[in-house]
Amino acid sequence: ELPPINGDFYELSGSLSAEDRALQLKVRQFMETEVKPIVNRYWNRAEFPFELIPKMAELNICGLTFEGYGCANRSFLMEGIIATEMGRIDASIATFFGVQSGLAMGSIYICGSEEQKQKWLPPMQQMKLIGSFGLTEPEVGSAAAGGLTTTAKRHGDTWILNGQKKWIGNATFADVNIIWARDVDDNQVKGFIVEKQNLGFSAKKIEDKMALRIVQNAIITLKDCEVSEANRLQNCNSFKDTAKVLQMTRAGVAWMAVGCARGAYESALKYTRERVQFGKPIASFQLIQNHLVEMLSNVTAMQTLVFQLSKLQDEGKLTDEHASLAKVFCTMRTRDVVSRAREVMGGNGILLDYDVARFVADAEAIYSYEGTKEINSLIVGRAITGFSAFV
Ligand code: FAD
């Protein structure tokens, strides 16, 4: 009898409360029974499985760490565990959820007024309204902090937005789009809740992506788009407030990467135990075992790191550099793990049917979004050296 396949080698789940463990298993079951059977088909067609939204809503996990507005007020640790459970099966679905629950709801929770939170968060928590987060532009990616070219101009109680956003996840169908734009009068970044029916708002799907194909990324065009002052995020005064949202969601991306690596490792281990060459399972060969142990070492190191990361977050001690270090380390290690998983599967490693090929492609996108490796490294570099290397 072979030992169980378990990517949680140091039994970190064993430290969870019974309530947290139950939620972890509920999300795992949802991912394994509802998502896994359909995911390769949707990924291949680059379509979004809308039928999953009501089922996901039943899990009641949107805005998990927020207090009030129908949110559960649970720990960041629990939220991270959910990101890993999702990433373990599919990074696109994990990303869709991260945009809704973290980036979009988080912007309103962190930067919205009490009235705005009461209006928008409950329907978003129930997934009756879907959100997107529009920061990146066609010509401004890493330099978003000081370089946004989308403008906002106030005329009485109305703002006029002009510009373009690129890569915006969920935006082809989102009801609520958080748009970050530069106020031409005070030159500061402000946040706006732009509804899909707002005049002057349009979103066009980005075709032919090689990764996260289920996520519907869009180019948003804002052409004299009118937004009322009531839909300006009242507690956002500069990019510093936008950065608060990113600090929280970057920690979430690190957890999701752990899931992606763990899913690839578990698939590869299973495959190598079943695949026979030279009359023996390939898992019995020394060179294959070395790959498997390297993968497990990375997965275990990442898991241990994100557990401590969320502990800091739950204690209110998380800094930008903590989140950035985790994001860089985990996405870098994930790239290594998924490529070894692909390698030990030989030719089948590049077939969608065997899941790992999808992880390999998706790891590339996770590596670059929410701040590239270089940008997150520079955030850590600035913190440890005292010198900023940003231009
Ligand atoms: P660039 O900024 O052009 O960078 C190109 C290269 O130059 C990178 O390697 C970068 O690290 C490097 N570089 C840049 N500046 C420096 C420097 N000072 N020193 C050293 N190296 C540097 N954005 C949103 O707003 N909302 C979303 O929902 C969203 N979803 C996304 C989903 C996907 C699948 C992808 C791929 C992207 C998404 N993004 C989203 C955008 C994402 O955040 C950006 O792609 C990312 O910030 C990098 O910007 P860029 O692609 O323009 O690269």
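The rules behind these values
Residues numbered from 1 in each chain as written. Predicted model: local features only at pLDDT ≥ 70, side-chain atom pairs only at ≥ 80, totals over all residues. Helix = DSSP H or I, 4+ residues; strand = E, 2+ residues; numbered from the N terminus. Rg over C-alpha atoms; globule rule 2.2 N^0.38 Å. Buried ≥ 20, exposed ≤ 12 C-beta atoms within 10 Å, placed from the backbone. Contact = placed C-beta atoms within 7 Å. Axes fitted to C-alpha atoms, helices over the stretch in contact; angles between N-to-C directions. Parallel < 35°, antiparallel > 145°, perpendicular 65-115°, else oblique. Left-handed = near helix turned anticlockwise from the far one by under 90°. Nonpolar A, V, L, I, M, F, W, Y, C, P; charged D, E, K, R; others polar. Pairing = 2+ DSSP bridges. UniProt positions renumbered as here; feature names shortened; annotations may be inferred. Near = placed C-beta within 6 Å. pLDDT = per-residue confidence, 0-100. Expected span 1.5 Å × (residues − 1).

**Some points on the overall build of the protein chain**
Here is step 1 of the chain: Counting its regular elements, the protein chain contains eleven helices and eleven strands.
Here is step 2 of the chain: Taken over C-alpha atoms, the radius of gyration comes to 21 Å for the protein chain, in line with the 21 Å a tight globule of 391 residues would show.
Here is step 3 of the chain: Within the protein chain, the fraction of its 391 residues that count as buried is 48%.
Here is step 4 of the chain: For the protein chain, restricting intrachain contacts to residue pairs at least 6 apart in sequence, the fraction spanning at least 24 positions comes to 75%.

**So, the packing of helix 9 (residues 320-344) against helix 10 (residues 356-368)**
Here is step 1 of the chain: Remark: helix 9 packs on helix 10, axes separated minimally by 9 Å, with the N-to-C direction vectors making an angle of 160°. Considering the angle they form, helix 9 stands roughly antiparallel to helix 10. Between helix 9 and helix 10 the crossing geometry is left-handed. Facing helix 9, whose interface residues are Thr331, Thr334, Arg335, Val338, Ser339, Ala341 and Arg342, helix 10 presents Val356, Ala357, Phe359, Val360, Ala363, Ile366 and Tyr367.
Here is step 2 of the chain: Looking at side-chain class alone, the contact of helix 9 with helix 10 contains nine nonpolar, three polar and two charged residues.

**Some thoughts on the pairing of strand 3 (residues 131-134)**
Here is step 1 of the chain: Burial of the side chains of strand 3 extends over both faces: Gly131 and Phe133 are buried on one face and Ser132 and Gly134 on the other.
Here is step 2 of the chain: Two elements, strand 3 and strand 6 (residues 176-183), share four bridges in a ladder whose sense is parallel. Bridging across to strand 6, Phe133 finds its partner in Ile178.

**Considerations on the UniProt feature "domain: Acyl-CoA dehydrogenase/oxidase N-terminal" (unreviewed entry) in the protein chain**
Here is step 1 of the chain: UniProt records the feature "domain: Acyl-CoA dehydrogenase/oxidase N-terminal" (unreviewed entry) at residues 18-126, using the numbering of this structure.
Here is step 2 of the chain: Secondary structure across residues 18-126 divides into 75% helix and 4% strand, with the first and last C-alpha atoms of the span separated by 24 Å.

**Here we look at the site of the ligand**
Here is step 1 of the chain: Near the ligand there are 22 residues, and of these Leu135, Gly141, Ser142, Thr372 and Glu374 occur at the shortest range.
Here is step 2 of the chain: Per element, the largest residue contribution to the shell around the ligand is three residues, and it comes from strand 5 (residues 158-169).
Here is step 3 of the chain: Across the shell around the ligand, the residue classes tally to eleven nonpolar, nine polar and two charged.

**Notes on the pairing of strand 7 (residues 189-195)**
Here is step 1 of the chain: Of all seven residues making up strand 7, six are buried, and the element is well covered by its neighbours.
Here is step 2 of the chain: In this sheet, strand 7 lies alongside strand 6 in antiparallel orientation, the contact comprising seven bridges. By the bridge assignment for strand 7, Asn177 is matched with Val194.
Here is step 3 of the chain: Linking two consecutive strands that pair antiparallel, namely strand 6 and strand 7, is a turn of five residues; a positive phi of about 65° is found at Asn187 within it.

**Some points on unusual backbone geometry**
Trans is the prevailing form of peptide bonds, just as negative phi is the prevailing case for residues other than glycine.
Here is step 1 of the chain: We note that Asn73 has phi near 55°; this positive angle belongs to a residue other than glycine.
Here is step 2 of the chain: Structurally, Asn73 can be placed in the loop between strand 2 (71-72) and helix 3 (76-89).

**Describing the environment of Phe359**
Here is step 1 of the chain: Relative to the elements of secondary structure, Phe359 occurs in helix 10.
Here is step 2 of the chain: Sequence separation between Phe359 and Arg335 is 24 residues; the distance between their C-alpha atoms is 9.0 Å.
Here is step 3 of the chain: Beyond its immediate sequence surroundings of up to four residues, Phe359 is in contact with Cys260, Gly263, Ala264, Val338 and Ala341.

**What about the confidence of the model for the protein chain?**
Here is step 1 of the chain: Per-residue confidence for the protein chain averages 97 on the pLDDT scale, and 100% of its residues sit at or above 70.
Here is step 2 of the chain: Across the whole predicted complex the pTM is 0.98, and at the interface the ipTM reaches 0.99.

**Some remarks on helix 7 (residues 239-274)**
Here is step 1 of the chain: Over its 36 residues, helix 7 runs 52 Å from end to end, which matches the ideal 52 Å to within 8%, given 1.5 Å per residue.
Here is step 2 of the chain: Most of helix 7 is tucked away, with 27 of its 36 residues classed as buried.

**Focus: the UniProt feature "domain: Acyl-CoA dehydrogenase/oxidase C-terminal" (unreviewed entry) in the protein chain**
Here is step 1 of the chain: On the UniProt side, "domain: Acyl-CoA dehydrogenase/oxidase C-terminal" (unreviewed entry) is annotated at positions that read residues 242-384 here.
Here is step 2 of the chain: The annotated region residues 242-384 carries 78% helix and 3% strand content, and the separation between its end C-alpha atoms amounts to 23 Å.

**Description of helix 3**
Every α-helix carries 3.6 residues per turn, so stepping three or four residues along brings you back to the same face.
Here is step 1 of the chain: Across its 14 residues, helix 3 extends 21 Å between first and last C-alpha, which sits within 8% of the 20 Å expected from 1.5 Å per residue.
Here is step 2 of the chain: With 14 of 14 residues buried, helix 3 lies mostly within the body of the structure.

**Considering the packing of helix 1 (residues 18-45) against helix 3**
Here is step 1 of the chain: Interaxial distance between helix 1 and helix 3 falls to 9 Å at its minimum, and their mutual angle equals 25°. In terms of their interaxial angle, helix 1 and helix 3 are classed as roughly parallel. Relative to helix 3, the crossing made by helix 1 is right-handed. Along its contact with helix 1, which presents Asp20, Leu23, Gln24, Val27, Arg28, Met31, Glu32, Val35, Lys36 and Val39, the element helix 3 presents Met78, Ile81, Ile82, Glu85, Met86, Arg88 and Ile89.
Here is step 2 of the chain: When its residues are assigned to classes, the contact of helix 1 with helix 3 shows ten nonpolar, one polar and six charged.

**Observations concerning the environment of Leu148**
Here is step 1 of the chain: As for its position among the elements, Leu148 is in the loop between helix 6 (144-147) and strand 4 (151-155).
Here is step 2 of the chain: Contact partners of Leu148, with chain neighbours within four places excluded, come to Glu137, Val140, Trp180, Ala181, Arg182 and Val189.

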